[in-house]
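# Topology and contacts: notes
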Amino acid sequence: MDQSISVPISARSASGRRPAAFYILVSLAWIVFFLILVLPLLMVVTQGLHKGIGAFWSAIVEPDVLSALRLTLLATVISVPLNMIFGLAVAWCVTKFEFRGKSLLLALLDLPFSVSPVVTGLMYVLLFGAQSKLYPFLTAHHLEVVYAVPGIVLATIFVTLPYVARELIPLMEQQGSQEEEAARLLGANGWQMFWHITLPNVKWALVYGVVLCTARAMGEFGAVSVVSGHIRGLTNTLPLHIEILYNEYNIVAAFSVAILLLVMSLVVLLLRQWSEIRLTKQFEEQRELTKNEH
């Protein structure tokens, strides 16, 4: 019975033939991929460049565009390192220690995934806006949060909060704490354990989380749109400025700026792919190490 089953299977694999369903599914996947992803991207590039490189360059060097680019990079440069530090701290806390409220902390960590970005923006408007109880204090000390750069940074930090931690936690749970405990027995302090053991073990997961955090920070629209006030040249990020140009029927400029944002996204995508390969390799090495230990 076993021989009668194994012979046709081996013959089929030796012939290299695949079932028709395989080719149908692969073809459908490529068609959907082209229609949903590739074709819209091609349309953006075509619309942005159809009046030539000169028009494209003139559109992206406009003062308002450069201001939006600077603000986008500023919000990213501030929010990503802060979330990296926060993600490392949270991942270390929940994987190395047991404490009351741990499950609640993990649930709250995923809150930015479930809350709409628009709701996030509204929360900051209610907290720091003119109708809040903090507003008299902010006004007295000449502090601007909503409709200013601090509000944009706070909204960006909130929506990108979980990315680093959520990449670190599974890997740190899989690795356990045996190496740190051995280092402690040998006399290492907390900083030495972190710098020489923990950080090297999670560096690729950390890079991957930072890349994801960067991609989300650069492309965030909803939360930033609510707290920015859409002040042209002051509080518009690149996604917001693209919307303004499009609503003004300045199609060439809108798609030219969209190409600029697209190029930035592609760079981040390449970094993500590279870090994902290294992270996968690290998971495989850790799995083999765990298997050998058992």
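Note that this is a predicted model, so its numbers are computed, not measured.

For the protein, the count of helices and strands is 15 helices and zero strands. Its C-alpha atoms give the protein a radius of gyration of 25 Å, clearly above 19 Å, the size a compact globule of 294 residues would have. C-alpha extents for the protein along the principal axes are approximately 80 × 60 × 30 Å. Taking as baseline every contact in the protein between residues at least 6 positions apart, the subset at least 24 positions apart corresponds to 75%. For the protein, the accessible area works out to roughly 17600 Å², and carbon and sulfur atoms hold 69% of it. Computing the positive centroid from 19 side-chain charges and the negative centroid from 19, the protein places the two 4 Å apart.

Our next topic: the packing of aromatic side chains. Aromatic ring pairs are defined here through the distance separating the ring centres and the angle between the ring planes. Going through the model one piece at a time under the given rule, you end up with seven aromatic pairs. Measuring from ring centre to ring centre gives 5.0 Å for tryptophan 204 and tryptophan 274, while their planes differ by 90°; the resulting arrangement is edge-to-face. One end of the pair, tryptophan 204, is in helix α12 (residues 190-219); the other, tryptophan 274, is in helix α15 (residues 251-293), with 70 residues separating them in the sequence. Given a relative accessible area of 43%, tryptophan 274 falls into the partly exposed group. Through pairs of rings, three or more aromatic residues link up here, namely Tyr124, Phe128 and Phe158. Lysine 96 extends its terminal NZ or CZ atom over the ring of tryptophan 92, reaching a point 6.0 Å from the ring centre.

So, on to the pattern of salt bridges. By the definition in use, this model includes five salt bridges. Notably, a salt bridge pairs arginine 216 with glutamate 220, separated by 2.9 Å at the nearest N-O pair. The exposure class assigned to arginine 216 is partly exposed, which follows from its relative accessible area of 22%. Residue arginine 232 pairs with glutamate 248 through a salt bridge whose shortest N-O separation is 2.6 Å. Within this pair, whereas arginine 232 is found in the loop between α13 (222-228) and α14 (238-247), its partner glutamate 248 is found in the loop between α14 and α15, the two being separated by 16 residues in sequence. Judged by relative accessible area, arginine 232 falls into the partly exposed class, the value being 36%. Taking relative accessible area as the criterion, glutamate 248 reaches 42% and is therefore assigned partly exposed. Connected through salt bridges with shared partners, the residues Asp64, Arg232 and Glu248 form a single ionic network.

Below, the discussion takes up the UniProt feature "domain: ABC transmembrane type-1" (unreviewed entry) in the protein. Mapped onto this numbering, the UniProt entry annotates "domain: ABC transmembrane type-1" (unreviewed entry) at residues 69-272. Regarding residues 69-272, the helix share stands at 78% and the strand share at 0%, and the terminal C-alpha atoms are separated by 21 Å.

Okay, the side chain of threonine 156 next. Tracing the sequence through the fold places threonine 156 in helix α9 (residues 149-159). Residue classification places threonine 156 among the buried positions, given a relative accessible area of 1%.

All right, on to the packing of helix α10 (residues 162-175) against α12 then. For the pair α10 and α12, the least separation of the axes is 7 Å and the interaxial angle reads 155°. By the criterion of interaxial angle, the relationship of α10 to α12 is roughly antiparallel. Considering only the axes of α10 and α12, their crossing is right-handed. Along the contact surface, α10 presents Tyr163, Val164, Glu167, Leu168, Leu171, Met172 and Gln175, while α12 presents Thr198, Asn201, Val202, Ala205, Leu206, Tyr208, Gly209, Val210, Leu212, Cys213 and Arg216.

Time to look at α9. Burial within α9 is extensive, with eight of its 11 residues counted as buried. Among the residues of α9, those classed as buried are Gly151, Ile152, Val153, Ala155, Thr156, Ile157, Phe158 and Val159. Residues of α9 that are buried sit in contact with α4 (63-96), α6 (111-114), α7 (117-128), α10, α12 and α13.

If you check UniProt for "transmembrane region" (unreviewed entry), the listed places come out as residues 21-45, 65-92, 104-127, 147-165, 205-231 and 251-271 in our numbering. Within residues 104-127, the helical portion is 88% and the strand portion 0%, while the C-alpha atoms at the span's ends are 23 Å from each other. As annotated, residues 251-271 has a helix share of 100% and a strand share of 0%, and its two end C-alpha atoms lie 30 Å apart.

To continue, consider the nonpolar core. Ranked by internal contacts, the top residues of the largest apolar core, which has 23 residues, are Val164, Leu168, Leu206 and Leu279. Elements represented by at least two residues in this core include exactly α4, α10 and α12. Among the elements that line this core, the one with the most residues is α12, at nine residues. If we ignore the near neighbours within four places in the chain, the residues touching leucine 279 are Glu167, Leu171, Trp204, Ala205 and Tyr208. Membership of the second largest hydrophobic core comes to 19 residues, among which are Val44, Ala59, Ala68 and Met218.

About the cut-offs
Residues numbered from 1 in each chain as written. Predicted model: local features only at pLDDT ≥ 70, side-chain atom pairs only at ≥ 80, totals over all residues. Heavy atoms only, no water. Helix = DSSP H or I, 4+ residues; strand = E, 2+ residues; numbered from the N terminus. Rg over C-alpha atoms; globule rule 2.2 N^0.38 Å. Contact = heavy atoms within 4.5 Å. Areas by Shrake-Rupley, 256 points an atom, 1.4 Å probe, with all protein chains shown as cover. Lys, Arg positive; Asp, Glu negative; His and termini not counted. Charge placed at Lys NZ, Arg CZ, Asp CG, Glu CD. Phe/Tyr/Trp six-rings, centres within 6.5 Å; stacked < 30°, edge-to-face > 60°. Buried < 20%, exposed > 50% of the residue type's maximum accessible area, 1.4 Å probe, protein only. Lys NZ or Arg CZ within 6 Å of the ring centre and 35° of its normal. Salt bridge = Lys/Arg side-chain N within 4 Å of Asp/Glu carboxyl O. UniProt positions renumbered as here; feature names shortened; annotations may be inferred. Axes fitted to C-alpha atoms, helices over the stretch in contact; angles between N-to-C directions. Parallel < 35°, antiparallel > 145°, perpendicular 65-115°, else oblique. Left-handed = near helix turned anticlockwise from the far one by under 90°. Core = buried A, V, L, I, M, F, W, Y, C linked by side-chain atoms within 4.5 Å.

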